[in-house]
Number of protein chains: 2
Amino acid sequence: MANFAVLGFGVVGSGVVELFYKNKKHIEEKAGTEMEVKKILDLRDFPDSPYRDKLTTNMDDILNDDSITVVAECMGGVEPAYTYVKACLERGKSVSSSNKELVAKKGAELLACAAAHNCNFFFEASVGGAIPIIRPLHKCLAANDIHEISGILNGTTNFILAKMISDNMSFDDALKLAQENGYAEKDPTADVEGFDACRKICILSSLVFGKHVYPESVYTKGITSLTLEDVELAKLLGGAVKLIASVKRLEDGRILPSVMPTVVPFHNMLSHVDDVFNAVMVNGDGIDKAMFYGRGAGKLPTASAVLGDVIDEIKHERTVFSQMWADAADQSFVAPIGERSSRMFVKISKAEPEKITQALSEFFRSQNIALKAKVQLAGMHNDGCIAFFTPAPLTMHQADQLAAALSADEIHVCAMLPVLD
Amino acid sequence: MANFAVLGFGVVGSGVVELFYKNKKHIEEKAGTEMEVKKILDLRDFPDSPYRDKLTTNMDDILNDDSITVVAECMGGVEPAYTYVKACLERGKSVSSSNKELVAKKGAELLACAAAHNCNFFFEASVGGAIPIIRPLHKCLAANDIHEISGILNGTTNFILAKMISDNMSFDDALKLAQENGYAEKDPTADVEGFDACRKICILSSLVFGKHVYPESVYTKGITSLTLEDVELAKLLGGAVKLIASVKRLEDGRILPSVMPTVVPFHNMLSHVDDVFNAVMVNGDGIDKAMFYGRGAGKLPTASAVLGDVIDEIKHERTVFSQMWADAADQSFVAPIGERSSRMFVKISKAEPEKITQALSEFFRSQNIALKAKVQLAGMHNDGCIAFFTPAPLTMHQADQLAAALSADEIHVCAMLPVLD
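Residues numbered from 1 in each chain as written. Chains lettered and ligands numbered in written order. Predicted model: local features only at pLDDT ≥ 70, side-chain atom pairs only at ≥ 80, totals over all residues. Heavy atoms only, no water.

Peer 1: Looking at this structure, how should I read the packing of aromatic side chains?
Peer 2: Geometry of an aromatic ring pair is reported as the spacing of the ring centres plus the angle between the planes. Per the stated rule, a full pass over the model turns up 21 aromatic pairs over all chains. On the basis of an interplanar angle of 20° and a centroid distance of 5.3 Å, the ring pair of A:Y21 and A:Y51 is categorised as stacked. With A:Y21 in helix α1 (residues 11-22) and A:Y51 in the loop between β2 (35-41) and β3 (55-56), this residue pair connects regions lying 30 residues apart in the sequence. Between the aromatic rings of B:F345 and B:F389, the centroid separation amounts to 6.3 Å while the plane-to-plane angle is 65°, which identifies the pairing as edge-to-face. With B:F345 in strand β14 (residues 344-349) and B:F389 in strand β16 (residues 385-389), this pair connects stretches of sequence that are 44 residues apart. Take B:F345: its relative accessible area is 0%, and that puts it in the buried class. The rings of A:F4, A:F20, A:Y21 and A:Y51 are connected pair by pair, giving a single aromatic cluster. The side chain of A:R135 reaches across the aromatic face of A:F122, ending 5.2 Å from its centre. The ring of A:F333 carries the charged tip of A:K211 above its face, separated from the ring centre by 4.9 Å. (Phe/Tyr/Trp six-rings, centres within 6.5 Å; stacked < 30°, edge-to-face > 60°. Helix = DSSP H or I, 4+ residues; strand = E, 2+ residues; numbered from the N terminus. Buried < 20%, exposed > 50% of the residue type's maximum accessible area, 1.4 Å probe, protein only. Lys NZ or Arg CZ within 6 Å of the ring centre and 35° of its normal.)

The structure is reproduced here in structure tokens:
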């Protein structure tokens with residue numbers, strides 16, 4: 001018999017309780033023991049809940065109950081989640097957390113705390129919601145040298161972009177629709193400015209490269225300045241604009257994480273991820289590439305991931321499986337965004353094709369970059385802009401220089417986005 | 001210090017050794033101990049191999065060496081793999097196998113043998129090559145009631161179909177190209193007739209539903225009778241023809257596994273899986289749906305999955321994690337193909353649209369099926385056939401009746417494929 005507690009009875013926490021009791025028999029078979037939700041922590045009253053007798057407002061009821069060996073933390077935010085999780089781990093209670101902010105800011109410390117107290121700190125739900133990604137990265141792909149990860153890690157922005165791409169909606173209209181559908185919050189800043197995706201790529205980067213990457217170290221650009229024209233021109237050139245959170249290891253061993261709107265060519269599976277779905281593409285030397293796709297948020301999908309961790313923790317109590325990464329006050333292993341290199345999608349004011357080709361050739365010659373491909377220009381009727389992919393990769397630093405060079409030729413750069421190659 | 005052995009030094013086995021030594025340091029960190037390949041079993045001579053001192057032709061060298069605690073079986077085929085794997089498990093040596101034929105035919109017995117001897121039998125590589133699917137199904141999705149799985153589980157046929165879809169190649173030409181590229185064997189029967197995909201869906205079905213499903217119980221249809229016209233008409237109607245291996249739980253608890261060419265609508269991610277890639281879509285009550293995508297075969301991708309298992313077995317020696325399923329001499333829990341229900345893609349000889357609509361309406365009325373959607377007909381120039389999706393799901397049994405009814409109206413059914421809804 002194993003008891004677990006749930007911290008936070010909001011959307012995710014109530015989903016954990018609901019899914020657990022729905023599939024209790026099957027879950028107990030998987031865990032190899034009978035299981036029960038013993039306590040649920042929440043400051044609010046739920047007089048009509050069938051689980052009201054399990055509710056408590058006092059964390060000590062959970063901390064001091066030795067029969068509770070596993071705790072599911074579904075509160076969100078750093079405090080009081082951090083204090084509570086740490087207190088649980090210090091008492092040898094394993095924790096399963098869906099809290100990306102907590103893991104992105106305090107992951108290294110909490111992992112060390114779990115290891116010191118011979119218990120587990122799992123957080124499968126913190127990245128990609130229902131999508132199994134943490135455990136597969138850590139276990140199934142353990143033999144690989146993973147050098148790059150790129151993902152669609154925020155469902156709200158993917159919904160907005162998908163609506164812009166397939167229904168020709170403006171950003172504002174698409175955001176409104178997302179809010180009406182409950183996919184975006186009243187204050188959508190954390191989603192549309194990329195902060196949410198940033199936390200998740202921090203977690204994946206820390207896990208794969210072994211050192212804690214802090215959100216402040218990650219260049220983050222949201223989708224608020226994207227126009228419908230940007231999206232349509234990218235489509236004409238053969239790609240979908242997606243908010244891509246990625247991390248790449250450079251040749252010198254430093255890593256380069258970033259969150260940016262990016263043009264994903266249609267031959268890349270990530271370009272087909274629609275609606276509120278998330279997906280993560282992993283590149284390693286053994287697997288080549290693998291992708292994990294599913295619902296990145298929502299009550300039951302997130303609960304599924306939390307409970308998967310809880311089952312594993314109950315099944316293997318006292319064995320430390322936790323992945324580890326080191327805290328890293330010195331973040332100099334994170335390279336600055338100027339070094340990030342890829343082909344670029346460039347949207348410019350309309351100009352003579354010869355003039356553009358001429359300006360590009362001169363620029364690439366000045367940078368000693370050999371051009372093998374011809375530039376394909378895409379334009380639309382009734383629009384003052386045209387766009388192209390650069391025929392060779394540029395660093396973000398070089399891309400700025402290209403913009404300056406074009407400007408000197410009186411070609412105005414309206415937008416510039418990296419291409420996911 | 002942990003030693004493991006490799007059975008079979010062919011493509012996969014040599015990949016395991018190569019990837020292990022390439023990433024040795026990193027793999028040892030993951031496993032938490034130093035590791036070494038102690039023996040490699042193969043009847044052939046490899047005088048130029050850097051690993052020739054590890055090669056043996058005598059299985060006893062491995063069985064009787066107590067320092068070898070884990071064995072990677074990469075031989076393929078049932079014998080002698082079965083005898084060797086069983087002997088290893090009986091001596092308490094954990095086994096990681098890439099051998100889908102072995103698992104599909106002897107999985108239940110070998111899992112029981114591993115449990116009886118307190119060791120592990122893993123087979124992540126046996127389905128979907130590099131794609132993490134066995135462990136995620138068993139662990140990360142453990143809280144879900146999984147009711148359906150559908151996948152592209154054979155890279156050879158997916159390559160052929162992708163060439164037919166995007167390059168308008170005939171089946172014969174695409175098969176020839178696959179053979180030239182080394183994606184298809186000289187005798188391509190196991191791939192193109194669906195036998196390989198069948199073994200893999202047996203493994204997934206057994207794992208998810210807890211009873212061994214034998215290949216003989218699974219209705220299996222390959223892609224040899226598909227024409228370029230079938231593929232093109234499906235595309236006009238909004239879908240890609242893929243060889244889909246699937247299993248569904250029926251309302252009465254029986255399951256219905258099958259392997260069939262299937263029209264996958266373009267809004268389904270599986271329709272975008274190109275080239276030799278594999279993907280598995282999983283439907284559960286918590287996650288809704290999740291998809292796993294990657295290379296389904298090949299030297300290093302398969303080696304990555306085998307080594308992931310080896311690392312896990314070395315890290316957690318003596319703890320039985322193995323998923324279990326029961327042997328099932330009585331296969332009556334597997335429903336017959338006639339009960340399988342979905343919309344159908346129907347390709348018929350050209351006829352007056354009114355005549356077709358009339359015949360369809362009469363048929364659906366006779367079956368008491370209400371129609372909500374209108375039938376959309378798709379045809380091509382210079383071709384004697386047109387096609388449509390049935391406006392409502394039909395069982396395979398009803399689909400046969402539809403063909404008979406149309407035939408009575410002198411409309412000849414040239415092809416009929418299920419639609420993945």
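So, next bit.
Peer 1: Explain the interface of chain A and chain B to me, please; I cannot follow it from the model alone.
Peer 2: For an interface, size is often stated in terms of accessible area lost upon the parts coming together. At the interface, 46 residues of chain A touch 47 residues of chain B. In total, chain A and chain B occlude about 4000 Å² of area from one another, counting both sides; carbon and sulfur atoms represent 58% of this. Seen at the junction of chain A and chain B, the total is 6 salt bridges. Note that B:D288 and A:R295 form a salt bridge whose closest N and O atoms lie 2.6 Å from each other. The tally of links from chain A across to chain B stands at 20 residue pairs in polar contact (both at pLDDT 80 or more). Contributions of two or more residues to the side of chain A that touches chain B are made by α1, α2 (24-31), α6 (134-140), β11 (277-284), β12 (288-295) and α12 (299-315) of chain A. Its residues assigned to classes, the side of chain A that touches chain B comprises 24 nonpolar, 10 polar and 12 charged. Alignment of β12(A) against strand β12 (residues 288-295) of chain B, held across 5 bridges, turns out to be antiparallel. Its bridge partner lying in β12(B), A:A290 is registered against B:G294. (Contact = heavy atoms within 4.5 Å. Buried area = accessible area lost by both parts, 1.4 Å probe. Salt bridge = Lys/Arg side-chain N within 4 Å of Asp/Glu carboxyl O. Polar contact = N/O pair within 3.5 Å; in protein donor to acceptor, adjacent residues only side chain to side chain. Nonpolar A, V, L, I, M, F, W, Y, C, P; charged D, E, K, R; others polar. Pairing = 2+ DSSP bridges.)

Peer 1: Is there a simple way to think about unusual backbone geometry in this case?
Peer 2: The phi torsion of most residues other than glycine is negative, and most of the peptide bonds are trans. Cis geometry marks the peptide bond from A:E79 to A:P80; its omega dihedral reads 5°. Looking at where A:P80 falls in the secondary structure, it is placed in the loop between β4 (68-73) and α4 (81-90). For A:N168, which is not glycine, the phi dihedral falls at a positive 50°. The phi dihedral of B:N118 falls on the positive side, at around 55°, and the residue is not glycine. Along the polypeptide, B:N118 turns up in the loop between α5 (100-116) and β6 (121-122). Residue class for B:N118 comes out partly exposed when judged on its relative accessible area of 36%.

Peer 1: Would you explain the environment of B:R343 in this entry?
Peer 2: Residue and element names in this part refer to chain B. Here R343 is to be found in the loop between β13 (341-342) and β14. On the basis of relative accessibility, which here comes to 23%, the residue R343 falls in the partly exposed class. Put simply, R343 and V263 are 80 residues apart on the chain and 9.7 Å apart in space, counted from C-alpha to C-alpha. When neighbours within four sequence positions are excluded, R343 is seen to be in contact with P265, F389, T390, A392, P393, L394, L417, P418, V419 and D421. A polar atom in the side chain of R343 sits 2.9 Å from the side chain of D421.

Peer 1: Any chance you could explain the relation of the copies chain A and chain B here in plain terms?
Peer 2: Here two copies of a chain appear, and what relates them is a rotation about an axis with a shift along it. Taken as rigid bodies, chain A and chain B are interconverted by a rotation of 180° and an axial shift of 0.0 Å, the fit giving an RMSD of 0.0 Å. Put plainly, the chains are arranged around a two-fold axis. No C-alpha of chain A approaches the rotation axis more nearly than that of A:F292, which lies at 2.4 Å. Mapped onto chain B, 100% of the interface residues of chain A are again interface residues, and the two copies thus contact each other with one and the same surface. (Least-squares fit on C-alpha atoms with pLDDT ≥ 70 in both.)

Peer 1: Just checking my understanding: could you explain the sheet that holds strand β4 (residues 68-73) of chain B for this structure?
Peer 2: One key point about sheets: their strands pair by backbone hydrogen bonds, in either a parallel or an antiparallel sense. All names here are of chain B. Pairing is parallel across the open sheet formed by 6 strands, whose spatial order is β3-β2-β1-β4-β5-β6. Bordering the open sheet on either side are β3 (55-56) and β6, each of which pairs with just one other strand. Direction of pairing for strand β1 (residues 2-7) relative to β4: parallel, over a ladder of 5 bridges. Of the residues in β4, the one forming a bridge with N3 is I68.

Peer 1: Explanation requested: helix α14 (residues 396-408) of chain A in the structure shown.
Peer 2: Helical geometry note: an α-helix holds 3.6 residues per turn, so side chains three or four residues apart project in the same direction. Residues and elements named next belong to chain A. Helix length check: α14, at 13 residues, gives a terminal C-alpha distance of 19 Å against a target of 18 Å (1.5 Å per residue), a fit within 8%. Along α14, the residues that are buried comprise M396, Q398, A399, L402, A403 and L406. Take α14 and look down its axis: the buried residues cluster within an arc of 150°, on one side only. Every exposed residue of α14 that faces more than 90 degrees away from the buried side is listed here: D400 and A408. Buried positions along α14 lie against β10 (255-265), β14 (344-349), α13 (353-366), β17 (394-395) and β18 (413-418). The first or second residue beyond α14 is E410, which carries a positive phi of 65°. (Expected span 1.5 Å × (residues − 1). Arc of directions from axis to C-beta.)

Peer 1: Explain the side chain of B:K242 here, please?
Peer 2: Within the fold, B:K242 resides in strand β9 (residues 239-249). Here B:K242 is in contact with B:I152, B:N158, B:L161, B:M260, B:P261, B:T262, B:V264, B:L270, B:S271, B:V273 and B:D274, once residues within four sequence places are set aside.

Peer 1: How do you make sense of the sheet that holds strand β6 (residues 121-122) of chain A when you look at a structure like this?
Peer 2: All names here are of chain A. The sheet built from 6 strands is open, its strands ordered β3-β2-β1-β4-β5-β6 with parallel pairing. Each edge of the open sheet carries a strand with a single partner, namely β3 and β6. On top of the sheet, α12 reaches β1 (2-7), β2, β4, β5 (94-97) and β6; it is set at about 165° to β5, its chief contact. (Axes fitted to C-alpha atoms, helices over the stretch in contact; angles between N-to-C directions.)

Peer 1: Can you walk me through the pairing of β12(A) in this structure?
Peer 2: Side-chain direction in a regular strand flips from residue to residue, so the side chains alternate between the two faces of the sheet. All names here are of chain A. With 8 bridges joining them, β11 and β12 adopt antiparallel strand pairing. Bridge pairing in β12 links V280 to F292. Linking two consecutive strands that pair antiparallel, namely β11 and β12, is a turn of 3 residues.

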